[in-house]
Structures are given as C-alpha cells and as structure tokens.
Amino acid sequence: MGITDDASRLGVLQVDGTAYAVTRARRGDVPALVSLLADDELGRGREGGDLQPYLRAFARIDRSPDNLLLAVRSPQGEVVATAHLTMLPGLSRRATLRLQVEAVRVASSVRHLGLGTELLEWITGYARSHGAGLVQLSTDRSRPGARRLYERLGYVASHDGMKLHLT
C-alpha cells in the first residue's frame, strides 16, 4: 500500500517538491518513533532499549480521543518525523481549549529542509480546526535549534516549566 491510499492519512506537507504524508501513528511505527526520539543529543541518553514500555504507552495514547500521535512519512513510507498532540480542556483563560505539543522530532536525514516548519504549521491548523485557542509546548534547554524554530513561528517563552521526576 502506498502512502496515498493510507486510511490513517491526515494531510500532506510539501517541502521542496517532496510530499510527506501526515498520518496517525500505528503500533508498527513504534520502533521508528523511538528511533526518532533517540536521534538527537537529548534522546540518545534517555531513549531506547526494551520496546514494551513504549508499546504500552502507544496503546494508551491511541485509545485516548484527546491524543493524536503523528507519524510523518516520506514518499517511500519511511517515518521521518513525529509529534504527540494532546487536547487539554480547562477552566482557565475563560475555559480555553489548549493543544499541548510534545516529542516533536524530525529525522536527522531530513532535518534543515523545512519539514519541521511545515509540520508545526500543520499542527497550528489542526489546533484551530479542533477549537483550540492556544497551542503550547515545551522545549529542552539543550535544544537551541528547536527553540529558534519555535520562536520564528511565533511561540513565546512566557512561562518557566518545572518537573518533578518520580522515577
């Protein structure tokens, strides 16, 4: 099956004359998604190993109507980018629905072609079309290139994020 007849296809990103399919990730994509997560300085030290925890997490994400795990595919069907989208209803900001964006990754083989920009613009359109009034994401301080991309697209570092590691 080619990417043009893939039922999980959500859109197309055009980058330098190449069409990349935006699809809902499938269970079989999990190894490729984990490889993407490990394909940078941040992920190398924290991702990989036993796939079972990733498969359990995928099943939970895939069941949730408020979650969408993306797999962006090259014309050959290879997963070359990903992002995890979560709709967050809330009472603050006059009950604004938020789209939380996590785990944005683009394969090093296609990085710096503009695919990340196109993906984030697609995500903004997705947020608008689903009623979100705010898109929020966090980026690790060790990823200055990602931060520059987000800022260029209009994201503002308006808050400081904090984490409490439980494991």
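Everything quoted here is computed from the prediction, not taken from an experiment. (Residues numbered from 1 in each chain as written. Predicted model: local features only at pLDDT ≥ 70, side-chain atom pairs only at ≥ 80, totals over all residues. Heavy atoms only, no water.)

*Asks:* What's the story with the packing of aromatic side chains in this structure? I'm lost.
*Replies:* To describe a pair of aromatic rings, one takes the distance between the centres and the angle between the planes. Under the counting rule described, the total for this entry stands at 2 aromatic pairs. Their ring planes at 20° and their centres at 5.5 Å tell us that Trp122 and Tyr126 sit as a pair that is stacked. Note that Trp122 and Tyr126 are positioned in helix 4 (residues 115-129) at a spacing of 4 residues, about one turn of the helix. The class of Tyr126 is buried, set by a relative accessible area of 18%. (Phe/Tyr/Trp six-rings, centres within 6.5 Å; stacked < 30°, edge-to-face > 60°. Helix = DSSP H or I, 4+ residues; strand = E, 2+ residues; numbered from the N terminus. Buried < 20%, exposed > 50% of the residue type's maximum accessible area, 1.4 Å probe, protein only.)

*Asks:* Explain the nonpolar core here, please?
*Replies:* Considering soluble globular proteins, one finds that nonpolar side chains tend to be buried as a cluster. Judged by nonpolar contacts, the single largest core of 42 residues is most densely connected at Leu70, Val72, Leu85, Leu99, Leu115 and Ile123. Per element, the largest residue contribution to this core is 7 residues, and it comes from helix 4. Not counting residues within four places of it along the chain, the set of residues in contact with Leu99 comprises Leu85, Thr86, Met87, Ile123, Tyr126, Ala127, Ala132, Leu134, Val135 and Gln136. (Core = buried A, V, L, I, M, F, W, Y, C linked by side-chain atoms within 4.5 Å. Contact = heavy atoms within 4.5 Å.)

*Asks:* I'm lost on the confidence of the model for the chain in this one. Help?
*Replies:* Low-pLDDT portions of the prediction should not be read for the details of their coordinates. Averaged over the chain, the pLDDT score is 92; the fraction of residues at 70 or greater is 96%. Below pLDDT 50 for its whole length, residues 1-5 participates in 9 contacts with residues either more than four positions away or in separate chains. (pLDDT = per-residue confidence, 0-100.)

*Asks:* Any chance you could explain the pattern of salt bridges here in plain terms?
*Replies:* A side chain of one charge can pair with a side chain of the opposite charge if their charged atoms are brought near each other. Applying the stated criterion across every chain yields a total of 4 salt bridges. The salt bridge partner of Arg73 is Asp29, with a shortest N-O separation of 2.5 Å. Here the residue Arg73 occupies a position in strand 3 (residues 67-73), and Asp29 occupies one in the loop between strand 2 (18-24) and helix 1 (30-37), the gap between them amounting to 44 residues. Here Arg73 matches Asp29 in class, with each residue buried. (Salt bridge = Lys/Arg side-chain N within 4 Å of Asp/Glu carboxyl O.)

*Asks:* Looking at this model, I keep getting lost on the pairing of strand 2. Mind explaining?
*Replies:* Consecutive residues of a regular strand have side chains that alternate between opposite faces of the sheet. Relative to strand 2, strand 1 (residues 9-15) runs antiparallel, the two sharing 6 bridges. Its bridge partner lying in strand 2, Leu13 is registered against Tyr20. The antiparallel pairing of strand 1 with strand 2 creates a hairpin that spans 2 residues between the two strands, and Asp16 there sits at a positive phi of about 50°. As paired elements, strand 2 and strand 3 share 4 bridges and run antiparallel to each other. Paired with Arg24 across the bridge in strand 3 is Leu70. (Pairing = 2+ DSSP bridges.)

*Asks:* I keep staring at the side chain of Thr86 and nothing clicks. Help me out?
*Replies:* Mapped onto the elements, Thr86 comes out in strand 4 (residues 79-88). Among the residues examined, Thr86 registers a relative accessible area of 16% and is labelled buried. Within the local environment of Thr86, its side chain forms a polar contact with the side chain of Asn67, the two groups lying 2.8 Å apart. When near neighbours in sequence (up to four residues on either side) are disregarded, Thr86 contacts Asp66, Asn67, Arg98, Leu99 and Gln100. (Polar contact = N/O pair within 3.5 Å; in protein donor to acceptor, adjacent residues only side chain to side chain.)

*Asks:* When you look at the sheet that holds strand 2 in this model, what are you seeing that I'm missing?
*Replies:* Strand pairing in a sheet takes place through backbone hydrogen bonds and is either antiparallel or parallel in direction. Strand order in this open sheet of 6 strands is 1-2-3-4-5-6, and the pairing throughout is mixed. Sheet topology places strand 1 and strand 6 (134-137) at the edges, where each strand pairs with a single neighbour. Averaged over all pairs of adjacent strands, the angle between their axes in this sheet comes to 25°, without regard to strand direction. Relative to strand 4, helix 4 is tilted by about 25°, and along the sheet it contacts strand 1, strand 2, strand 3, strand 4, strand 5 (98-106) and strand 6. (Axes fitted to C-alpha atoms, helices over the stretch in contact; angles between N-to-C directions.)

*Asks:* Whenever I open this one, helix 4 confuses me. Can you help?
*Replies:* Each turn of an α-helix holds 3.6 residues, which means side chains three or four residues apart point in the same direction. Between its first and last C-alpha, helix 4 extends 21 Å over 15 residues, near the 21 Å set by a 1.5 Å rise per residue. Looking one or two residues beyond helix 4, the residue adopting positive phi is Gly131, at roughly 85°. (Expected span 1.5 Å × (residues − 1).)

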